[in-house]
Amino acid sequence: MLRNLLFATLLVICSAAAAQEKVTLNGYIKDADNGEELLGVTIYIPSLKAGTVTNDYGFYALTLPKGSYEIRFSYIGYKEQVRTLDLQGDVTLNLEMQTDAQVIQEIVIEEKPLDENVVAVQMSKNTLNMNQVRKLPALFGEIDIIKNIQMLPGVITAGEGSSSFFVRGGSADQNLILIDEAPVYDPSHLFGLFSVFNADVIKDSELYKGGIPARFGGRLSSILEVRTKDGNNKEFDVTGGIGTMASRIAIEGPIVPEKSSFIVSARRSYVDFILKAASQDNLVHFYDVNAKFNWKSNNSNRFFLAFYTGRDVFNFDDNFGFEWGNMTGTFRWNHLFSERLFSNTSIIISNFDYKLGLQDAVQGFRWISNLQEFSFREDLSYSLNTNNELAFGYHLTGRRFSPGEISPTTTSSIFETVELQHMYALDHALYLSNLQRLSDRITLDYGVRLSIFQNIGPGSVYLYEDPKDNIDIHRTDTLHFDKGEGIKTYINIEPRLAVRYLLKEGQSLKFSYNRMVQNTHLISAGTAPVPFNTWNPSNYYLKPQVADQVAAGYFRNFRQNQYEFSAEAYYKDISNVTDFADNAQIFFNEDLSTEYRQGDAWAYGLELFLNKKEGKFTGNASYTWSKTMRKVEGVNLGKEFRANHDRRNVFNIQAAYDLNEKWVFGGAFTFSTGRPLTLPAGKYEYGNYNPDVLTERNGYLLPSFHRLDLSVTLNPRKNASRNWKGQWVFSVYNAYNRKNPFTIYTRTRQDEDGNILGDGSEKEARLIYLFPVLPSVTYNFKF
Amino acid sequence: MQRYIKISLLAIALISCEETTDLDLKQTPSKIVIEGLLTDQPGYQSVEISRSTGFYGSGQTPRVLDATVKVTDDAGLEFNFIHNPRNHPDSAGIYIPEVGFSGEAGRVYTLHVTVDGESYEASDKLLSVAPIDSLKFQINENEQDDPKEEGKFYELLVYAREPQDEENFYLFRYYRNDSLIFYNPSDVYYSDDELLAEKIDGVPSPVYYASNDKARLEFYSLTRNGYVFYNDLSTILNNDGGGMFGPIPSSPRTNLSNGALGFFQVSAVQEKETYIE
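What you see is a predicted model; the values in this text were computed from it and never measured.

### Topic: the overall build of chain B
Here is step 1 of the chain: Summing up its helical and strand segments, chain B has 3 helices and 17 strands in all.
Here is step 2 of the chain: Taking 2.2 N^0.38 as the reference for a compact globule, 277 residues should give roughly 19 Å; the C-alpha atoms of chain B span a radius of gyration of 20 Å, in line with that estimate.
Here is step 3 of the chain: Overall, the C-alpha framework of chain B stretches about 55 × 50 × 40 Å when taken along its three principal axes.
Here is step 4 of the chain: Buried positions account for 38% of the 277 residues belonging to chain B.
Here is step 5 of the chain: The long-range share in chain B, meaning contacts at least 24 apart out of those at least 6 apart in sequence, stands at 67%.

### Looking at the overall build of chain A
Here is step 1 of the chain: Counting secondary structure elements, chain A contains 4 helices and 51 strands.
Here is step 2 of the chain: Scaling as 2.2 N^0.38, a compact globule of 783 residues should have a C-alpha radius of gyration of about 28 Å, and chain A matches this with 27 Å.
Here is step 3 of the chain: Principal-axis analysis of the C-alpha atoms gives chain A an extent of 90 × 65 × 50 Å.
Here is step 4 of the chain: Burial statistics for chain A: of 783 residues in total, 49% are counted as buried.

### Comments concerning the pairing of strand 21 (residues 283-298) of chain A
Residue and element names in this part refer to chain A.
Here is step 1 of the chain: Where strand 20 (residues 260-269) lies against strand 21, 9 bridges are found, and the strand directions are antiparallel. Among the inter-strand pairings, Ile-263 is bridged to a residue of strand 21, identified as Lys-292.
Here is step 2 of the chain: Sheet topology places strand 21 next to strand 22 (residues 301-315); 15 bridges connect them, and they run antiparallel. By the bridge assignment, Tyr-287 is partnered in strand 22 with Arg-311.

### Let's talk about the confidence of the model for chain B
Here is step 1 of the chain: Taken residue by residue, chain B gives an average pLDDT of 90. The fraction at 70 or more is 94%.
Here is step 2 of the chain: Scoring of the predicted complex yields 0.90 for pTM and 0.94 for ipTM.

### Points about the nonpolar core
Here is step 1 of the chain: Judged by nonpolar contacts, the single largest core of 112 residues is most densely connected at A:Ile149, A:Phe165, A:Leu178, A:Leu224, A:Ile586 and A:Ile744.
Here is step 2 of the chain: Looking at this core element by element, the count peaks at 5 residues for strand 24 (residues 341-358) of chain A.
Here is step 3 of the chain: Setting aside residues no more than four positions away along its own chain, A:Phe165 makes contact with A:Ile146, A:Ile149, A:Gln150, A:Val155, A:Ile156, A:Thr157, A:Ala172 and A:Asn175.
Here is step 4 of the chain: Ranked by size, the runner-up nonpolar core spans 53 residues in total, among them B:Ile49, B:Leu171, B:Ile181 and B:Leu256.

### What about the environment of A:Val284?
Residue and element names in this part refer to chain A.
Here is step 1 of the chain: When you line up the elements, Val-284 lands in strand 21.
Here is step 2 of the chain: Take Val-284: there are 22 C-beta atoms within 10 Å of it, and that puts it in the buried class.
Here is step 3 of the chain: Each C-alpha atom, one on Val-284 and one on Val-313, is 5.7 Å from the other, the two residues being 29 residues apart in sequence.

### So, the sheet that holds strand 1 (residues 17-21) of chain B
Here is step 1 of the chain: Taking strand neighbours across the sheet as the criterion, the 3 strands line up as 49(A)-50(A)-1(B) in an open arrangement whose pairing is antiparallel. Each edge of the sheet is formed by a strand with only one pairing partner; in this case those strands are strand 49 (741-748) of chain A together with strand 1 of chain B. Averaged over all pairs of adjacent strands, the angle between strand axes in this sheet comes to 30 degrees, irrespective of strand direction.
Here is step 2 of the chain: Bridging between strand 50 (residues 763-769) of chain A and strand 1 of chain B involves 5 bridges; their strand directions are antiparallel. Within strand 1 of chain B, the residue paired with A:Arg766 across the bridge is B:Thr20.

### Focus on the interface of chain A and chain B
Here is step 1 of the chain: Facing the 70 residues of chain A at the interface are 69 residues of chain B.
Here is step 2 of the chain: Secondary structure elements with two or more residues in the side of chain A that touches chain B: strand 24, strand 44 (682-683), strand 45 (692-693), strand 49 and strand 50 of chain A.
Here is step 3 of the chain: Element by element, the count of residues in the side of chain A that touches chain B is highest for strand 50 of chain A, at 7 residues.
Here is step 4 of the chain: Looking at the side of chain A that touches chain B residue by residue, the class counts come to 40 nonpolar, 16 polar and 14 charged.

### Section: the sheet that holds strand 2 (residues 42-45) of chain A
In a beta sheet, neighbouring strands pair by backbone hydrogen bonds and run either parallel or antiparallel.
All names here are of chain A.
Here is step 1 of the chain: What the 4 strands build is an open sheet, ordered 3-2-5-6; its pairing is antiparallel. Edge positions in the open sheet fall to strand 3 (50-53) and strand 6 (81-87), since each of these has one partner strand only. Across the sheet, the axes of successive neighbouring strands diverge by a mean angle of 20 degrees, strand direction being ignored.
Here is step 2 of the chain: Of the pairings in the sheet, the one linking strand 2 to strand 3 comprises 4 bridges and is antiparallel in character.

### A look at unusual backbone geometry
Here is step 1 of the chain: Here A:Gly457 and A:Pro458 are connected by a cis peptide whose omega angle stands at 5 degrees.
Here is step 2 of the chain: In this fold, A:Pro458 is placed in the loop between strand 29 (442-456) and strand 30 (459-464).
Here is step 3 of the chain: For B:Asn84, which is not a glycine, the phi torsion comes out positive at approximately 35 degrees.
Here is step 4 of the chain: Turning to its location among the elements, B:Asn84 is positioned in the loop between strand 5 (78-83) and strand 6 (94-97).

### Description of helix 3 (residues 224-237) of chain B
Here is step 1 of the chain: Compared with an ideal rise of 1.5 Å per residue, which puts 14 residues at 20 Å, helix 3 of chain B spans 20 Å between its outermost C-alpha atoms and is within 8% of the ideal.
Here is step 2 of the chain: Across the 14 residues of helix 3 of chain B, 13 count as buried, placing the element largely inside the fold.

### Quick notes on the environment of B:Glu162
Residues and elements named next belong to chain B.
Here is step 1 of the chain: By secondary structure assignment, the location of Glu-162 is in the loop between strand 10 (154-161) and strand 11 (169-176).
Here is step 2 of the chain: Residue classification places Glu-162 among the partly exposed positions, given that 17 C-beta atoms sit within 10 Å.
Here is step 3 of the chain: Distance in space between the C-alpha atoms of Glu-162 and Lys-199 is 6.6 Å, their sequence separation being 37 residues.
Here is step 4 of the chain: Other than its neighbours up to four places away in sequence, Glu-162 contacts Ala-130, Asp-193, Leu-196, Glu-198 and Ile-200.

### A word on the environment of A:Ile146
Here is step 1 of the chain: Assignment of secondary structure puts A:Ile146 in helix 4 (residues 145-149).
Here is step 2 of the chain: Each C-alpha atom, one on A:Ile146 and one on A:Ser593, is 32 Å from the other, the two residues being 447 residues apart in sequence.

### Some thoughts on the pairing of strand 26 (residues 388-408) of chain A
Residue and element names in this part refer to chain A.
Here is step 1 of the chain: Pairing between strand 25 (residues 365-385) and strand 26: 19 bridges, direction antiparallel. Each residue of the ladder has a partner; that of Gln-372, found in strand 26, is Arg-400.
Here is step 2 of the chain: Linkage of strand 25 to strand 26, two consecutive antiparallel strands, is achieved through a turn of 2 residues.
Here is step 3 of the chain: One ladder, built from 14 bridges, connects strand 26 with strand 28 (residues 423-437); its direction is antiparallel. Among the inter-strand pairings, Phe-392 is bridged to a residue of strand 28, identified as Leu-432.
Here is step 4 of the chain: Alignment of strand 26 against strand 27 (residues 418-419), held across 2 bridges, turns out to be antiparallel. Counterpart to Glu-405 in the pairing with strand 27 is Glu-419.

### Some points on the confidence of the model for chain A
Residue and element names in this part refer to chain A.
Here is step 1 of the chain: Confidence in the prediction of chain A, expressed as mean pLDDT, is 89, and 94% of residues score 70 or more.
Here is step 2 of the chain: Confidence drops under pLDDT 50 across residues 5-20; counting only partners more than four residues distant or on other chains, this segment forms 11 contacts.
Here is step 3 of the chain: Overall, residues 103-111 carries pLDDT values under 50, and its contacts beyond four positions in sequence, including any with other chains, amount to 8 contacts.

Cut-offs used in this document
Residues numbered from 1 in each chain as written. Chains lettered and ligands numbered in written order. Predicted model: local features only at pLDDT ≥ 70, side-chain atom pairs only at ≥ 80, totals over all residues. Helix = DSSP H or I, 4+ residues; strand = E, 2+ residues; numbered from the N terminus. Rg over C-alpha atoms; globule rule 2.2 N^0.38 Å. Buried ≥ 20, exposed ≤ 12 C-beta atoms within 10 Å, placed from the backbone. Contact = placed C-beta atoms within 7 Å. Pairing = 2+ DSSP bridges. pLDDT = per-residue confidence, 0-100. Core = buried A, V, L, I, M, F, W, Y, C linked by C-beta atoms within 7 Å. Axes fitted to C-alpha atoms, helices over the stretch in contact; angles between N-to-C directions. Nonpolar A, V, L, I, M, F, W, Y, C, P; charged D, E, K, R; others polar. Expected span 1.5 Å × (residues − 1).

Here is the structure:
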């Protein structure tokens with residue numbers, strides 16, 4: 001299989017070399033102000049009705065017959081550029097685009113080529129425009145792209161104050177979250193109140209929900225690609241902000257003008273301030289540091305080094321504390337082997353760890369856990385001819401999982417050192433895909449990804465009398481594996497297909513199919529993951545999760561692309577979805593494999609999305625209807641049940657209005673059906689306790705969730721005449737102060753001080769809600 | 001140890017508010033609840049049988065007075081249990097042995113209960129329990145600063161040797177002047193020995209005493225089954241509800257057959273008492 005794939009790749013490349021009457025136009029497209037590469041710029045040749053877009057590195061290549069062409073470069077928020085070129089040989093055209101100062105004018109004069117929404121083969125993808133995000137209200141004024149992702153169609157949240165999200169019926173761990181290509185295993189700060197992404201350094205972010213390109217793999221439901229800025233390579237800039245929750249600062253500038261630049265940013269919270277517990281000796285904070293350096297040696301060689309680290313630290317006055325954090329590093333080399341063959345080579349590291357500890361002479365302990373990943377990636381794209389663009393590559397990933405080690409902190413501690421065994425995995429992936437223009441109307445993107453996943457030694461596998469018995473655990477034997485020895489290998493072929501059919505007058509139909517395979521599994525028995533959850537590789541007992549998704553959609557632009565509309569329907573079928581037995585013990589369990597339960601999940605839904613990207617009034621509205629079910633042997637007595645994130649109706653609207661250069665107004669409204677939850681069907685007595693009788697899993701719904709947020713941004717007029725640009729952002733979260741349900745728990749009936757009411761036999765249900773109306777002020781600056 | 005994870009997750013509670021809400025709950029048929037305890041101490045064996053009620057019910061749940069109850073062991077002995085022989089009003093629903101007996105270490109006991117023609121069975125093994133070496137007490141300064149109950153801020157310190165060559169599970173019961181006490185009504189005090197070293201020197205109690213109190217600690221052996229039951233029970237009693245961060249609530253795994261709730265616990269018991277002076 002592997003050899004055939006390589007052979008096919010070579011064949012295509014060789015046949016390409018034979019057709020020589022073609023020339024290639026390529027180059028990088030940048031922002032004229034700061035030199036940042038622009039991703040997704042449309043390059044369009046009206047006479048051929050053909051074009052392309054810049055790739056993730058701002059590079060484009062078009063292979064064309066020799067001749068003279070008018071070429072249009074367009075990008076949202078930038079002035080369109082038109083160049084006429086006589087192409088008699090290969091040409092490199094690097095272009096700088098000016099931001100469109102006229103954006104706030106409503107009048108559109110010229111005819112523009114259709115934008116990505118209609119033309120691109122890719123469907124089920126949303127791009128967050130950071131300029132737009134900045135105009136919208138944010139919790140505590142702290143801009144958080146994850147919260148904006150949660151407002152997209154097809155994306156469901158577990159509740160407010162959570163950084164987890166669920167895409168088209170997938171679990172929270174089925175999203176691959178990348179920062180500069182490096183995976184982030186837990187994107188949360190403060191258990192999800194904020195995410196790890198500091199908005200000041202983000203260039204753009206994209207969410208793929210379906211029709212996922214072959215270059216991505218490893219998770220079932222979505223890819224969230226977050227890219228940070230390269231740093232201004234023309235002049236020095238300092239930006240920052242002082243908020244209610246955190247402050248941040250970023251410094252960027254050229255090292256060698258036009259050739260090399262850097263950006264360094266930091267953010268630190270002062271959460272302690274808002275916590276009720278602030279009066280005690282409790283210290284809670286988080287921080288993020290991003291740094292990036294790039295060197296554009298020449299057009300053919302560009303180097304990037306990106307680094308991120310962030311951490312949450314909680315300390316309580318009784319000497320108990322815990323912390324968690326991510327660290328990622330990316331080295332990237334963009335190389336042009338020829339006019340047509342673009343290469344990106346990356347070396348990536350990612351680390352996630354958490355620690356808990358108690359300082360005490362008798363009960364002192366330290367608990368540590370971490371996950372490390374190292375990967376090498378080679379991604380190539382080859383512009384074969386006007387109608388075919390190939391993408392292919394190889395990814396190698398090694399992972400080390402250290403689920404936990406507990407050790408005593410003093411010699412008088414009652415604890416002994418216990419360590420769960422490490423797990424190792426090696427993952428090879430090869431892919432090949434072709435973007436092929438069949439006719440003026442039909443374009444295809446088809447490909448395949450081959451993943452070879454190995455759980456390797458050193459390690460031991462316990463064999464059990466009954467591997468699913470988590471009460472009477474009887475180990476019958478232990479298999480030992482040496483370093484590097486294969487414990488279990490899973491080979492999967494993942495076909496990918498996307499089709500776009502262009503209808504008349506700015507409309508298109510799209511269809512896609514993808515198979516995704518996931519070999520890293522989050523060990524979480526709750527709805528929203530927490531940082532203390534660990535990950536396991538597919539192993540002797542745990543099979544890879546496999547998802548097949550088909551999606552079809554109708555795409556239409558109105559009024560010269562001012563409005564984009566899409567309607568998409570999907571069906572997703574997941575086999576071996578990872579779940580856990582009722583009452584599973586997922587923390588520090590040497591026999592965790594007895595708790596694994598894998599089964600089926602299926603989801604389908606309809607998503608409507610209307611987006612206005614230009615003009616004084618911008619924003620989007622979406623409605624999603626979806627259904628997500630599961631059936632897992634050993635869970636809910638094997639009967640099918642609603643998934644934890646099965647919220648049937650979701651309606652979101654986000655809008656901004658640029659009144660003038662001074663004032664910008666923003667608003668967001670969200671409505672969704674309540675989250676399913678498990679409530680008691682009765683109670684009983686056992687000793688002094690009165691536990692609930694529980695029957696059906698997720699048999700109830702929390703009340704509906706809805707919330708309105710508002711914001712006003714003030715850009716003082718004096719900014720125009722001085723170097724220091726200030727900006728005030730006033731926002732109100734939960735404007736009409738709804739008590740939105742977070743969860744419900746039960747307890748013995750008692751008063752607010754914890755005194756039992758009645759004879760102690762009565763119970764009550766308590767509704768927890770998080771945020772009342774919350775005003776906040778943020779001051780942003782740039783100089 | 002895992003309770004520290006639970007404590008950590010409560011950090012979110014620092015910013016949350018809550019209020020009592022009325023739930024419109026589905027009614028399910030009431031279920032049989034069995035609380036069986038068989039120990040190695042004479043006169044300390046009983047089986048209590050009741051029924052579950054609706055969530056919003058008040059007062060004692062209904063007792064079952066007409067069950068047939070017996071215990072057999074793996075040596076072929078049979079012990080008949082009779083309902084509340086002294087007709088004590090507080091003991092309705094409680095069945096005790098017709099002829100007194102004590103459990104023996106190493107024996108497996110099986111409970112047989114029949115109610116309205118339906119049979120329920122459960123088996124558990126009597127494991128030995130390590131003795132408590134001594135009890136001491138000291139003032140807990142945090143509790144003294146802000147006592148939950150006035151004057152009660154002495155904690156018991158437990159000294160014991162944890163046998164390292166076998167897997168042990170324990171249940172603890174604390175008594176203050178002969179009354180069973182809990183710090184919070186939903187607390188379950190139990191442990192496995194997976195992380196425990198041999199020397200247990202001065203582990204503080206989770207409950208507090210006033211001076212002149214009589215403090216007593218009972219130390220029960222549990223089988224792995226018993227540990228699983230109490231661990232599950234503790235999880236649902238202290239659930240964050242609906243499984244937001246914690247697990248989705250689910251009935252404790254029990255050794256009882258036929259859908260009965262509760263547990264049949266067979267334990268060796270050690271006790272130690274001291275006066276706080």
